[in-house]
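# Results of the structural survey
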Amino acid sequence: MSQQSKSASKAPEKSLPAGKSVVFINARVVDPSTNRDEPGGVLVKDGLIADLGSHLRRNAPAGVEVVDCKGHVLAPGLIDMQVFTGEPGFEHRETLKTASHAAAAGGVTTMVVMPETNPVIDQVALVDFIQRRARDNALVHVHTMAAMTKGLAGEEMTEIGLLKRAGAIAFSNGKSSIANTRVMRNVLNYAKDFGALVVHHTEDPYLTGSATMNSGEVASRLGLSGASKLAETIVLERDVRLVALTGGSYHAATISCEESLEVVRGAKARKLPVTCGVSINHLTLNENDIGSYRTFLKVRPPLRREEDRVAMVRAVASGDIDVIVSSHDPQDADTKRRPFSEAADGAVGLETLLVAALRLVHSGDVPLSVVLRAMTINPARLLGLHSGRIVKGAIADLVLFDMGEPWVVNKDLLRSRSKNSPFDEAKMQGRVLRTVVAGETVFEYGR
Amino acid sequence: MAKSSTGSELTRFPRRHLLTCEGLSAAEIEFLLKLADANADAIQRGARKRSVLSDRTLINLFFESSTRTQASFEMAGRRLGADVMNMNVATSSVTKGETLIDTAVTLNAMRPDLIVVRHHAAGAVELLSQKVDCSVINAGDGAHQHPTQALLDALTIRRAKGRIAGLTVAICGDILHSRVARSNINVLNTLGANVRIIAPSTLLPSSPERLGTEVYTDMWKGLEGADVVMMLRLQRERMDGSYVPSSREFFHFFGLDHEKLSHAKPDALIMHPGPMNRGVEIASTVADDSRSVIREQVEMGVAVRMAVLEALSAHLPAQEGETS
């Protein structure tokens, strides 16, 4: 739409601080967008990256604040495409402000918040509400994923054109799939006209029914009803056929099994505009971690078998999976301290996203730049953001982290208002030292 | 004398029914438009009622409610001297479960000369035409065809612009469900216009480019350089989120306002088959703009329908007492 391109991305951005300069020296600069991984430095001016390279490794320009990175990794700040907050409606679980503090502590400089709030973000005024609240209260960039059906009910399309103009960055149906195939076809067809990205949770609600964990041996032993992987793959396969029909851009939000990967690979081989994501939980945990009904590991899609986790990790390494998300989903005692089958789905993950992802690097399964790519330049390109890269003129969203420092997660020290971390008491290797948003340090370890 | 010379010309329209615009030749269309043009002039001069169809019976059989089309056919029939009968389907045996074919057979037994039919199902009028001995005129069958609308639109354009060949006509709105669009695409293409269709993808039929049109989902681009902008009605039940999220969004991206209209040629004609939803597909000020020929379309409707009735009646068997 010519009109819409004129006013594209009207979302209020963090204003860039004028005149201030800071140089990060003695860093290992890793930028997946340019395949850069070398010792050097980055000069930030007026909130933008003014210069970078090995000539800044030791030498700081005069009159500029100097940050010595001590050889640690300086990478683009992470872009997390799937963050649930409780604002509006469930502020006791999380607000945009508390989520943004968790994001900053985790090296996430841009979070895309989901429409599954109360009320659901399905109207122009609500997109505006989120963007204004975020501008006034959040430490990091916040973009709004708007609902693609009214009330997320899967029946009637939302005003995709006007929502996009208001700043909605993509469209989602939250944690539920659109079961009605005709509605899904119409959404894809309609969204295409506006260049809007459809991000879909793929799960056949009828097949899953009331099942609460992955179908298989563990579910059988625990006496829990099992959710079949097929529920995910069937909807994904249907969606890919609808993409082939309509030509609309489609992103499968979080896939979790080998069978779904096959569908995505097939779609990509046919050059369809299909991409997919995976949650950090499905790369680092499996159904056995549920142990004796640990509800903090009850997530959606459910944690699968170890073989599926390994397949997901390999697909990140091969590039078949485009994006890694935290799927940060704050839940409190009211919703989690219940029998497993009655507990809510969801796990917080903003603060542990990067360090958990480093497990894949330390295990030798995925190179650092490939892991970072799925959390920086890939989501940036999908969403049409100009961040997620360290190049001259780009916005200075950066994360500085130590690859090696060991520590143990203590959920009570998490900045998120909700403490439902599946990594509580888990050993981690790697620590976020500093997070920079538009040139401003928004988090510094130990301060 | 005058009557017999008209009669010899009428034999040039070689059809008994007018069911569709698909397949009508340019010569056939020109023939009807020429007749209609003369009718329009005559009506404007205040000409008296004619007797071409005197003692002929015209039945208006409308299975779908309509005010303007039914009135227009009735007016056309009366101006030509026909006895016009309006079948009120709402109170007829159709609502008692009679099939369309039984209705046709029953009506045929009454020996009418012309039947004008509107039906909600595509193809219904053609089905009915196979079961009757008289001439049948399609006044709209589902999302298929509405031939007299396309002819009156062509006449309106030609009288305003002096020609149709080479003009760029943009048809905007609910193409998927529109018989007006399909009929116009046929007629305008046959007469040599460049036809564009503009709609969100959810309101386009499949393979739209195969209909002989350029397809746009961006109205601003689709209106660029258009000589004629033809708006279609968006029915309320399409705005509930299954095809279009809301009338507000539809108007924003596909409603004709002055800003979008400014992308068309400065002297672009504004057309609408009616009835209009002001503020949904067309802004009130645009509908009432000096370039709007919406009122003329209604006027041409009577002239065109007279021409069609006249042309088809040439094939009717001679009446008793009439010499050959």
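The present account deals with the structure reproduced in this document. No experiment lies behind these values; they were computed from the predicted model shown.

A surface patch of nonpolar side chains, amounting to about 260 Å² of accessible area, comprises Leu207(A), Leu230(A) and Ile234(A). Tracing the backbone shows Leu230(A) in helix α8 (residues 230–246).

With 20 residues of chain B at the interface, the matching set in chain A holds 21 residues. Taken over both partners, the interface formed by chain B and chain A buries close to 1800 Å², and the fraction arising from carbon and sulfur atoms is 53%. Looking only at chain B, the three residues that lose the most surface to chain A are Pro245(B), Glu249(B) and Phe253(B), adding up to 29% of its buried area. On inspection of chain B and its partner chain A, the count reaches one salt bridge. Our count for the contact surface shared by chain B and chain A stands at eleven residue pairs in polar contact (both at pLDDT 80 or more). Ranked by residues supplied to the side of chain B that touches chain A, first place goes to helix α9 (residues 247–254) of chain B with five residues. Looking at side-chain class alone, the side of chain B that touches chain A contains eight nonpolar, seven polar and five charged residues.

Attention now goes to the pairing of strand β2 (residues 83–88) of chain B. Residues and elements named next belong to chain B. Where strand β1 (residues 57–62) meets β2, six bridges bridge the pair, whose relative direction is parallel. Bridge pairing in β2 links phenylalanine 62 to asparagine 88. Traced from β1 through helix α3 (residues 68–79) to β2, the parallel crossover comes out right-handed.

Residues and elements named next belong to chain A. With parallel pairing, the eight strands of this open sheet are ordered in space as β6-β7-β8-β9-β10-β13-β14-β15. The open sheet is flanked by β6 (78–83) and β15 (323–325), the only strands paired with a single partner. Ignoring strand direction, the axes of neighbouring strands in this sheet form an average angle of 30 degrees. Sheet topology note: the strand β7 (residues 108–113)/strand β8 (residues 141–147) ladder contains four bridges and is parallel. The residue of β8 that forms the bridge with valine 112 is histidine 143. The sheet strands contacting helix α2 (residues 96–106) are β6, β7 and β8, and the helix crosses β7 at an angle near 140 degrees. Against the sheet, helix α13 (residues 353–362) contacts β6, β7 and β15, and its axis sits at roughly 105 degrees relative to β6.

Quick notes on the rules
Residues numbered from 1 in each chain as written. Chains lettered and ligands numbered in written order. Predicted model: local features only at pLDDT ≥ 70, side-chain atom pairs only at ≥ 80, totals over all residues. Heavy atoms only, no water. Patch = residues over 30% accessible without salt bridge, like charges linked within 9 Å, V, L, I, M, F, W, Y side chains within 5 Å. Areas by Shrake-Rupley, 256 points an atom, 1.4 Å probe, with all protein chains shown as cover. Salt bridge = Lys/Arg side-chain N within 4 Å of Asp/Glu carboxyl O. Helix = DSSP H or I, 4+ residues; strand = E, 2+ residues; numbered from the N terminus. Contact = heavy atoms within 4.5 Å. Buried area = accessible area lost by both parts, 1.4 Å probe. Polar contact = N/O pair within 3.5 Å; in protein donor to acceptor, adjacent residues only side chain to side chain. Nonpolar A, V, L, I, M, F, W, Y, C, P; charged D, E, K, R; others polar. Pairing = 2+ DSSP bridges. Right-handed = clockwise from strand over helix to strand, strands pointing away. Axes fitted to C-alpha atoms, helices over the stretch in contact; angles between N-to-C directions.

Purely geometric numbers; function is a separate question.
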